[in-house]
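Examining the three-dimensional arrangement
This is what each chain is made of:
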Amino acid sequence: MDDQDEFLAAVRAVLHQAGFDESAVGAEGVHMIRHARGVMVGWMPEDLGMLPSRRRGARRTRSSERIALPGLRHAFGLALAAAFRAAGFIVETRGDEWLLVLHPTHKPSP
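Below or above, wherever it landed, is the structure these notes cover. In this text the structure is predicted, and so the values were computed from the model without any measurement. Sequence order sets the numbering: in each chain, residues are counted from 1 along the sequence as written. pLDDT decides what is reported in this predicted model: residues at 70 or higher carry local features, side-chain atom pairs at 80 or more are listed and counted, and totals for whole chains, interfaces and linings draw on all residues regardless. Note: side-chain values were computed over all heavy atoms of the structure, leaving out hydrogens and water.

**Concerning the nonpolar core**
To keep it simple, the criterion reads: Joining through side-chain atoms within 4.5 Å is the link that ties buried Ala, Val, Leu, Ile, Met, Phe, Trp, Tyr and Cys residues into a set, and such a set is a nonpolar core. When accessible area is computed with a 1.4 Å probe and restricted to protein chains, residues below 20% of their type maximum are described as buried, those above 50% as exposed, and intermediate ones as partly exposed. Secondary structure elements follow DSSP: runs of H or I of four or more residues count as helices, runs of E of two or more count as strands, with numbering from the N terminus. Here a residue-residue contact requires only that any non-hydrogen atoms of the pair lie within 4.5 Å.
In this structure, Val11, Val41 and Phe84 are the most contacted members of the largest nonpolar core, which totals 18 residues. Sorting the residues of this core by element identifies helix 1 (3-17), strand 1 (29-35), strand 2 (38-44), helix 2 (70-86) and strand 6 (98-102) as the ones contributing at least two each. No other element matches helix 1, which puts five residues into this core. In contact with Val41, not counting residues within four places along its chain, are Val11, Leu15, Val30, His31, Met32, Leu80, Phe84, Glu97, Trp98, Leu99 and Val101.

What follows is the structure in structure tokens.
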């Protein structure tokens, strides 16, 4: 096992301790992607399917359209970032959907 495999396993262990398991490729849930500097961790929410309409009694379907859940994504990101930092990792945010987890010995770019 090389250093990157060991680091990936350590990131996966922190995820598991925080109550999350990595989802299968193409499935909804937590995803990890190897990155040149570390590991990218992100979450794709489940499709909420039927949503109540603003009109009484009417329902609309959103099977093909992703529902934006910025508050939930933000809370997820904060919780995971806290778990990774508590484990000694360096965490950088990458947009609204991804965290870049770096080894604690990683030297920041100038």
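**So, the environment of Arg73**
Under the convention used in this document: Here a polar contact is recorded for every N or O atom pair within 3.5 Å, except that within protein the pair must consist of a potential hydrogen donor and a potential acceptor, and residues adjacent in sequence are included only if both atoms are side-chain atoms.
Checked against the element boundaries, Arg73 lands in helix 2. It is 7.5 Å that separates the C-alpha atoms of Arg73 and Trp43, two residues lying 30 residues apart in sequence. Within the local environment of Arg73, its side chain forms a polar contact with the backbone oxygen of Trp43, the two atoms lying 2.6 Å apart.

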